[in-house]
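Spelled out from the first residue to the last, the chains are:
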Amino acid sequence: MTDRPITAEIPARPRMAQDPVRLVPELAEVSAALFRATGNRSVPRATIGLVQLRAGQLAGSTYLTVLHTGLLRKADESEERITSVATWQDSPYFTAAERAALALTEAALRPAGQGERVGDALYAEVAEHYDEKALATLMIAIGQVNFFTPVALIAKPVPGRAFTDPWA
């Protein structure tokens, strides 16, 4: 496998010619179910958005990062909060509950050197801020981004295009 030079132009078209939803229509049902599950109001929508932005960053997906940044902007999140998600550990813009959710996201998505990724101490910290339904919702929100990561990395929809049709 060869790497392209960092100065190379990035094509402004998807790698995969057809939208995966057109090829596998059941994907739309799965996507809709995941959005309903994360929208159950047990976790603030802003927190879901911040978690999903961080998950997209951790996945290394420009498409997912641009998508979730745009969704947070549409929800009137401040630029300070949006741009400091990547450095949330030392940012003053997040609540203790949001920090716990972001820590959970990182623990679940980053390989651990040794031991389990989500240890008992982290779980207990997150559980101080979220009841069981909210914790399950956070798990689904993290998993939702992880579910779409292969689509974003393999099919390469164009960042910044409408969420409803990145293949347009």
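What you are looking at is a predicted structure, and each value in this text was computed from that prediction instead of being measured. (Residues numbered from 1 in each chain as written. Predicted model: local features only at pLDDT ≥ 70, side-chain atom pairs only at ≥ 80, totals over all residues. Heavy atoms only, no water.)

So, on to the pattern of salt bridges. Evaluation of the coordinates by the stated rule reveals five salt bridges. Put simply, Glu98 and Arg81 hold a salt bridge, and the shortest N to O gap is 2.7 Å. In this pair, Glu98 sits in helix α6 (residues 96–109) while Arg81 sits in helix α5 (residues 79–83), placing the two residues 17 residues apart along the sequence. For the pair shown, Glu98 and Arg81 are each scored as buried. (Salt bridge = Lys/Arg side-chain N within 4 Å of Asp/Glu carboxyl O. Helix = DSSP H or I, 4+ residues; strand = E, 2+ residues; numbered from the N terminus. Buried < 20%, exposed > 50% of the residue type's maximum accessible area, 1.4 Å probe, protein only.)

Its identity is not glycine, yet Asp76 carries a phi of approximately 65 degrees, on the positive side. Secondary-structure assignment places Asp76 in the loop between α4 (62–74) and α5. Not every positive phi belongs to a glycine, and Lys156 is a case in point at roughly 50 degrees. Looking at the secondary structure, you find Lys156 in the segment after α8 (132–155).

The biggest cluster of nonpolar side chains holds 31 residues, and the ones touching the most others in it are Leu104, Val126, Tyr130 and Leu138. Residues within four places of Leu104 in sequence aside, it is in contact with Val118, Leu122, Val126, Leu135, Leu138 and Ile142. (Core = buried A, V, L, I, M, F, W, Y, C linked by side-chain atoms within 4.5 Å. Contact = heavy atoms within 4.5 Å.)

Moving on, we come to the environment of Phe94. With respect to the helices, strands and loops of the structure, Phe94 is situated in the loop between α5 and α6. Through-space distance from the C-alpha of Phe94 to that of Ala112 is 24 Å; in sequence the pair is 18 residues apart. Setting aside residues up to four positions removed in sequence, Phe94 forms contacts with Leu50, Arg81, Ser84, Val85, Trp88, Arg99 and Leu102.

With a relative accessible area of 8%, Glu98 lands in the buried category. Ignoring any residue separated from it by four or fewer positions in sequence, one finds Glu98 in contact with Thr47, Leu50, Arg81, Tyr93 and Tyr130.

Turning our attention to the packing of α6 against helix α7 (residues 120–129). Packing of α6 against α7 brings their axes to within 9 Å, and their N-to-C directions diverge by 145 degrees. Between α6 and α7 lies a crossing of left-handed hand. For the pair α6 and α7, contact is made by Ala96, Ala97, Ala100, Ala103, Leu104 and Ala107 and by Leu122, Glu125, Val126 and His129, respectively. A per-class count over the contact of α6 with α7 returns eight nonpolar, one polar and one charged. (Axes fitted to C-alpha atoms, helices over the stretch in contact; angles between N-to-C directions. Left-handed = near helix turned anticlockwise from the far one by under 90°. Nonpolar A, V, L, I, M, F, W, Y, C, P; charged D, E, K, R; others polar.)

Glancing now at the environment of Ala100. With respect to the helices and strands, the residue Ala100 is situated in helix α6. Here the alpha-carbon distance between Ala100 and Ala37, two residues 63 residues apart in the chain, equals 20 Å.

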